[in-house]
Amino acid sequence: MAFLKIRKAVIPAAGMGTRFLPATKATPKEMLPLVDKPLIQYAVEEAVAAGCTEIIIVTGRNKATMEDHFDKSPELEASLTARHRPALLEIAQSVTKLARIVYTRQPEPLGLGHAVLQAKYLVGDEPFAVILPDDIVDSSVPCMKQMVEAFHETQSSILGSEVVEREAISHYGCLDCITDLKNPQLLDVKNMVEKPKPEDAPSLNAIIGRYILTPRIFEMIEKTKPGAGGELQLTDAIKALLQYEKVYGFSYEGKRHDAGDKLGFLKATVEFALKHNELGPKFREWLMTQQFSESDQTLFALPRGHEKNVEMATV
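Residues numbered from 1 in each chain as written. Predicted model: local features only at pLDDT ≥ 70, side-chain atom pairs only at ≥ 80, totals over all residues. Heavy atoms only, no water.

Colleague: Would you take a moment to explain the overall build of the chain for this structure?
Modeller: When helices and strands are counted, the chain shows 12 helices and 13 strands. Computed over the C-alpha atoms, the radius of gyration of the chain is 20 Å, within 12% of the 20 Å expected from 2.2 N^0.38 for a compact globule of 315 residues. Referenced to the eigenvectors of the C-alpha coordinate spread, the extents of the chain come out at roughly 60 × 50 × 40 Å. Sorting the 315 residues of the chain into buried and exposed places 48% on the buried side. Surface summary for the chain: the accessible area is close to 16400 Å², and the carbon and sulfur share equals 53%. Across the chain, the mean location of the 37 positive side-chain charges is 3 Å away from that of the 43 negative side-chain charges. (Helix = DSSP H or I, 4+ residues; strand = E, 2+ residues; numbered from the N terminus. Rg over C-alpha atoms; globule rule 2.2 N^0.38 Å. Buried < 20%, exposed > 50% of the residue type's maximum accessible area, 1.4 Å probe, protein only. Areas by Shrake-Rupley, 256 points an atom, 1.4 Å probe, with all protein chains shown as cover. Lys, Arg positive; Asp, Glu negative; His and termini not counted. Charge placed at Lys NZ, Arg CZ, Asp CG, Glu CD.)

As structure tokens, then:
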């Protein structure tokens, strides 16, 4: 069998972002800035770092600003050139050079499975990555790059996974799995349960917004019956895929931020600002002048390994 590589990434970005209203009434949630870059750019950069050369963004109504963001802006570039702002000009131009980006529309928000299905003819008959821009993973090696390296080993579908608290597992798809003996980061998936009750969860291994899928997933999505609200769930289609192919979970290294949640977005903003090359020192200095309660300080906790880079605010 030929050795398969991951060349394409699908980024579903057609959701309405209702949890961020009124900010998202006219602005796509994916364009909300995490410090100085929109969420969608973090997803694209992660895909590129993983070796993907073609990015397929699934959009919906009122999402044109995402396309504009990755397109050239002659007026802006001319203005920056005339004002002799080469550093800013380089930043503006670099966004347009990240990768070949194509777009397809999801006419209605009918679930993640339905969104992925819209990319079927652009993906073709090859394995591909899926990155949800709501999930920001802060890691020294980009999360999807870690997964692509695991795919080179398995040549099978892989689902990003992390261990969560038992009371939180009901918010996620949950893996019924065993650890692979050869690679402890790989989880041999036997079954999946969507949002189980904590007492019924087969494990605490939750599925997060990173996937590598074989093209057979499209057939499984097409055969999947819609669930609540007429939505096609990707988890249901992957569960059906298990009948035909091996599927693995992958315990990635890094810290995930749920940027689709207001509190998670705020925490991510603080952590990324503290580590920002330009803003970090001044932001840290400002934090240290503030008076925070002990519980407030937990908002600024960084993942292990970053403690040396940040002096935490003190009461």
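Read on for the rest.
Colleague: Could you clarify how one ought to interpret the packing of aromatic side chains in this entry?
Modeller: With the rule as written, the count across this model stands at 4 aromatic pairs. Relative to W286, the ring of F283 has its centre 6.0 Å away and its plane inclined at 10°; by these criteria the two rings are stacked. Residue F283 and its partner W286 are located together in helix α11 (residues 280-287), separated by 3 residues, close to a single helical turn. With relative accessibility at 22%, the residue F283 sits in the partly exposed group. The ring centre of F272 lies 5.6 Å from the NZ or CZ of K275, which sits over that ring. (Phe/Tyr/Trp six-rings, centres within 6.5 Å; stacked < 30°, edge-to-face > 60°. Lys NZ or Arg CZ within 6 Å of the ring centre and 35° of its normal.)

Colleague: Looking at this structure, how should I read helix α8 (residues 216-223)?
Modeller: The periodicity of an α-helix, 3.6 residues per turn, causes residues three or four places apart in sequence to face the same way. I217, F218, M220 and I221 are the residues of α8 that are buried. The buried residues of α8 occupy an angular sector of 160° when projected down its axis, which confines them to one face. On its buried face, α8 sits against α5 (112-117), α6 (120-123), β6 (128-131), β11 (205-213) and α9 (234-241). (Arc of directions from axis to C-beta. Contact = heavy atoms within 4.5 Å.)

Colleague: So what exactly am I meant to see when it comes to the packing of helix α3 (residues 74-82) against helix α4 (residues 86-96) here?
Modeller: Any two packed helices are characterised by how steeply their axes cross, that is the angle between the axes, and by the distance between the axes. Between α3 and α4, the shortest axis-to-axis distance is 9 Å and the interhelical angle comes to 160°. Relative to α4, the element α3 lies roughly antiparallel. Seen from above, α3 lies across α4 with left-handed handedness. Where α3 approaches α4, its residues L76, E77, L80 and T81 are matched on the opposing element by L88, L89, A92 and Q93. A breakdown of the residues in the contact of α3 with α4 according to their chemical character gives 5 nonpolar, 2 polar and 1 charged. (Axes fitted to C-alpha atoms, helices over the stretch in contact; angles between N-to-C directions. Parallel < 35°, antiparallel > 145°, perpendicular 65-115°, else oblique. Left-handed = near helix turned anticlockwise from the far one by under 90°. Nonpolar A, V, L, I, M, F, W, Y, C, P; charged D, E, K, R; others polar.)

Colleague: I tried to follow the pattern of salt bridges on my own but got confused; where do I start?
Modeller: Pairing of side chains with opposite charge becomes possible as their charged atoms draw close. Scanning the model with the defined rule gives 17 salt bridges in all. Linking E30 and K63 is a salt bridge whose minimum nitrogen-to-oxygen distance equals 2.8 Å. Taken as a pair, E30 in the loop between β1 (8-12) and β2 (33-34) and K63 in the loop between β4 (54-59) and α2 (64-70) lie far apart in primary sequence, 33 residues in all. According to the relative accessible area criterion, K63 is buried, its value standing at 5%. One salt bridge connects R216 with E219, and the closest N-O pair in it is separated by 3.9 Å. Here R216 and its partner E219 are both found in helix α8, 3 residues apart, which amounts to about one turn of the helix. Residue R216 is classed as partly exposed on the basis of its relative accessible area, which comes to 31%. Residue classification places E219 among the partly exposed positions, given a relative accessible area of 32%. (Salt bridge = Lys/Arg side-chain N within 4 Å of Asp/Glu carboxyl O.)

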